[in-house]
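These are the residues of each chain, in order.
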Amino acid sequence: MNRKLWRVLVGLCALAMSAVWALPACAQMAEVKEKPPMYSYVAFWNIPRAQWADMAKNDAADAKILDKAIASGTIVGYGNDENLVHQPEGPTHDGWWSAMSMAAVLNVLDQFYKSGNATSPVLSTATKHWDSIFVSRYYNWHSGSWKDAYEHGSSYKLKAGAPDEAVGTLSKNLIVPLMEKMLADGIIHEYEVDTETIHTEAPNTFWIFYLAANAEGLDKVNAALRETLKANPLSSPAFASMVDFTEHRDYLARSSATYK
């Protein structure tokens, strides 16, 4: 997502915070409520280009396990991504699934180990591999399956002096209202605000992910950001000072996803 737009929007959020905090708690929660935690397991792979077709076949084999898990209610979503903006140390592919408990996430992982899918030939060609487990309390999606959608992710790092509830405040007052509008308009199929539940990176890092229905959806999200700026021309450096924007990174992938 456009870094400069998000940066200014973070400042805009701060400008409204004094008014938001002055409202009764119930009034705030009526707008955006924190949801039950949703956990996501993500496996990242750096696969040599010559094996990309084999990776697609591997994803199809994995779907057999994941389709059963979603049909039984064990998980609420799954998918795989092909990175479109490659970096020397970054992944080329990832696969993921989401559930409403850590136990459900790990039980599916156990199925992959027992089935042998976790040690398939194409995965053995990976030059790098790592995993992450995220948790989200702000998310929503359309039920269904999509291919050739676009997954956009942005990572941000809060400064040490940021309030404990900074991610929640941003989510309730800025991110979720914007993304819910995009979801209602069919521009995106899913969004979530994530932090790590198993910390392999700095604990003050958070991520914003959304699944655009098509390439045009990426432009429409950025256009919505610009309209938000136009409607709210004031900004505040106070809130922006809580985020270390030198640590900001984006991720863009072609995605296949299924949500219950």
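Numbers given for residues are sequential positions, taken from 1 along each chain in its written order. Totals for whole chains, interfaces and linings use all residues, but because this is a predicted model, local features are given only for residues with pLDDT of at least 70 and pairs of side-chain atoms are given and counted only at 80 or more. With hydrogens and water excluded, all non-hydrogen atoms of the structure serve as input to the side-chain values.

Participant: Mind showing me how you'd approach the packing of aromatic side chains here?
Facilitator: The criterion for an aromatic pair is that two Phe, Tyr or Trp rings (for Trp, the six-membered ring) have centres within 6.5 Å, with stacked assigned to planes under 30 degrees apart, edge-to-face to planes over 60 apart and tilted to the rest. Applying the stated criterion across every chain, the model contains 10 aromatic pairs. Ring centres 4.9 Å apart and planes at 20° place the aromatic pair Tyr41 and Trp97 in the stacked group. With Tyr41 in strand S1 (residues 38-46) and Trp97 in strand S3 (residues 93-99), this residue pair connects regions lying 56 residues apart in the sequence. For the pair shown, Tyr41 and Trp97 are each scored as buried. Geometrically, the ring pair formed by Tyr156 and Phe245 is edge-to-face, given 6.2 Å between the ring centres and 85° between the ring planes. Here the residue Tyr156 occupies a position in strand S5 (residues 144-158), and Phe245 occupies one in strand S8 (residues 243-259), the gap between them amounting to 89 residues. Secondary structure follows DSSP: runs of H or I at least 4 residues long count as helices, runs of E at least 2 residues long count as strands, and numbering of each begins at the N terminus. Relative accessible area decides the class of each residue, using a 1.4 Å probe on protein chains only: under 20% of the type maximum gives buried, over 50% gives exposed, and in between gives partly exposed.

Participant: Please clarify how unusual backbone geometry should be interpreted in this entry.
Facilitator: Excluding glycine, residues mostly have negative phi values, and the peptide bonds linking residues are mostly trans. Despite not being glycine, Asp148 shows a phi value in the positive range, around 60°. Position of Asp148 relative to the elements: it lies in strand S5.

Participant: Is there a simple way to explain the confidence of the model for the protein in this structure?
Facilitator: As a general rule, the predicted coordinates of low-pLDDT regions are not to be interpreted in detail. pLDDT gives the predictor's per-residue confidence on a scale running from 0 to 100. Mean pLDDT over the protein stands at 87; residues scoring 70 or higher make up 84%. Low pLDDT, under 50, characterises residues 14-30; the predicted model gives this stretch 15 contacts beyond four residues in sequence or across chains. Here a residue-residue contact requires only that any non-hydrogen atoms of the pair lie within 4.5 Å.

Participant: Would you take a moment to explain the packing of helix H3 (residues 52-71) against helix H4 (residues 102-115) for this structure?
Facilitator: Geometry of a packed helix pair, given as the angle between the helix axes and the separation of the axes. In this analysis, axes come from line fits to C-alpha atoms, helices being fitted only over the stretch in contact, and the angle between any two N-to-C directions falls in the range 0 to 180 degrees. Relative orientation of the contacting elements H3 and H4 amounts to 145°, with a least axis distance of 11 Å. In the packing of H3 onto H4, the handedness of the crossing is right-handed. Facing Asp62, Ile65, Leu66 and Ala69 of H3, the residues of H4 in contact are Val108, Gln111, Phe112 and Ser115. Of the residues assigned to the contact of H3 with H4, the class counts are five nonpolar, two polar and one charged. Throughout, a crossing is termed right-handed when the near helix is turned clockwise from the far one, and left-handed when it is turned anticlockwise from it by less than a right angle. We call Asp, Glu, Lys and Arg charged. Ala, Val, Leu, Ile, Met, Phe, Trp, Tyr, Cys and Pro are nonpolar, and the rest, Gly among them, are polar.

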